[in-house]
Amino acid sequence: MIPREYLDSAQVPGGQELKLYRRGADHMIVLDRNELMSSRMSGSEKQLALMTIERLQGRKAPHLLVGGYGMGFTLRAALGVLDGSARVTVAELVPKIIEWARGPMAELMAGCLDDPRVDLRIEDVVPVIAAGQAAYDAILLDVDNGPDGLTAAANDRLYSAGGLAVAKAALKPGGILAIWSAGSDDPFTRRLRNAGFEVDEVAVKARDNGKGPRHVIWFARKR
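In this report, we go over the structure that sits alongside the text. Bear in mind that the values here come from a model prediction, so they are computed numbers and not experimental data. (Residues numbered from 1 in each chain as written. Predicted model: local features only at pLDDT ≥ 70, side-chain atom pairs only at ≥ 80, totals over all residues. Heavy atoms only, no water.)

Within the protein chain one finds eight helices and eleven strands. In terms of overall dimensions, the protein chain is globule-like: its C-alpha atoms have a radius of gyration of 16 Å, near the 17 Å expected for 223 residues. With the principal axes as the frame, the protein chain shows a C-alpha extent of 50 × 40 × 35 Å. For the protein chain, long-range pairs separated by at least 24 residues make up 67% of all intrachain contacts whose partners lie at least 6 apart in sequence. (Helix = DSSP H or I, 4+ residues; strand = E, 2+ residues; numbered from the N terminus. Rg over C-alpha atoms; globule rule 2.2 N^0.38 Å. Contact = heavy atoms within 4.5 Å.)

This is the structure in structure tokens:
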């Protein structure tokens, strides 16, 4: 087996330490013993973008907000199907994630951060959402590990009843709040419905070939 090579570490503001590893051509971002992201398992992150855009039903000049750049799979998938009129705002909390994207993972980035449709913001997605009143056709959140966060307790602001109300206000009528999670969460599904969203919970496999762990994406449409 090819050994795993440590490359760098990054401090999550108000949270814990992330570590970047490489094994052959694969990269992984690890928190303690939890592998948060891996270039080997990107299928569900891509589907977060593709299934959201499919649900937008061909809106003209859509504006998407992506919370959490990660390894860029969601952003690249979105750019691959959106036309030139679209805009994608990306909010990434950890500056080193973007340094890694432009450095050891530059080949993986494939230039997506330099796309003219992209507005990159190195900041917490929470105030970005709060500042947008009916600004977005879709908000895509791949922050931490889903509603049960691992890296920062402040992520609860996104998934609480109050946080969902703020996200709803930031969406245009009929807009979609799409949330990636490592697993299902029945109380969170009820919270979305109680917030007034129409909710579709979809199970997606981690790998492009339909294999690997089962992840969950909630698509919550603003009525």
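For helix 3 (residues 95-102), the full list of buried residues reads Ile97, Ile98, Trp100 and Ala101. Looking straight down helix 3, one finds its buried side chains confined to an arc of 155°; they lie on one side. In the core, the buried residues of helix 3 are packed alongside strand 1 (5-11), strand 2 (17-23), strand 3 (26-31), helix 4 (106-109) and strand 7 (118-121). (Buried < 20%, exposed > 50% of the residue type's maximum accessible area, 1.4 Å probe, protein only. Arc of directions from axis to C-beta.)

Within the secondary structure, His27 sits in strand 3. Judged by its relative accessible area of 8%, His27 falls in the buried class. A distance of 3.4 Å separates the side chain of His27 from the backbone oxygen of Pro104, its partner in a polar contact. For His27, the contacting residues outside a window of four places in its chain are Leu7, Leu20, Tyr21, Arg22, Met37, Ser38, Ser39, Met71, Pro104 and Met105. (Polar contact = N/O pair within 3.5 Å; in protein donor to acceptor, adjacent residues only side chain to side chain.)

Here we take up the packing of aromatic side chains. Any two aromatic rings considered together are summarised by their centre-to-centre distance and by the angle between their planes. Scanning the model with the defined rule gives three aromatic pairs in all. On the numbers, 5.8 Å between centres and 70° between planes, the contact of Tyr6 with Tyr21 is edge-to-face. Taken together, the positions of Tyr6 in strand 1 and Tyr21 in strand 2 put the pair 15 residues apart, joining distant regions of the chain. According to the relative accessible area criterion, Tyr6 is partly exposed, its value standing at 42%. For the ring pair Phe188 and Trp218, a centre distance of 4.9 Å and an interplane angle of 75° mean the geometry is edge-to-face. Of the two residues, Phe188 is situated in helix 8 (residues 186-194) and Trp218 in strand 11 (residues 214-222); the sequence distance between them amounts to 30 residues. Residue Phe188 shares its accessibility class with Trp218, and that shared class is buried. Joined through ring pairs, the aromatic side chains of Tyr159, Phe188 and Trp218 make up one cluster. Taking NZ or CZ as reference, Arg4 lies 3.9 Å from the ring centre of Tyr21, over its face. One Lys or Arg, Lys168, reaches over the ring of Phe197 and ends 5.8 Å from the middle of that ring. (Phe/Tyr/Trp six-rings, centres within 6.5 Å; stacked < 30°, edge-to-face > 60°. Lys NZ or Arg CZ within 6 Å of the ring centre and 35° of its normal.)

Now for the sheet that holds strand 8 (residues 136-141). With mixed pairing, the seven strands of this open sheet are ordered in space as 7-6-5-8-9-11-10. Whereas interior strands pair on both sides, the edge strands pair on one side only; in this sheet they are strand 7 and strand 10 (197-205). Each strand of the sheet is rotated relative to its neighbour by a mean of 15°, with strand direction disregarded. Across four bridges, the pairing between strand 6 (residues 87-91) and strand 7 is parallel. Within the sheet, the bridge partner assigned to Thr89 lies in strand 7 and is Asp119. (Pairing = 2+ DSSP bridges. Axes fitted to C-alpha atoms, helices over the stretch in contact; angles between N-to-C directions.)

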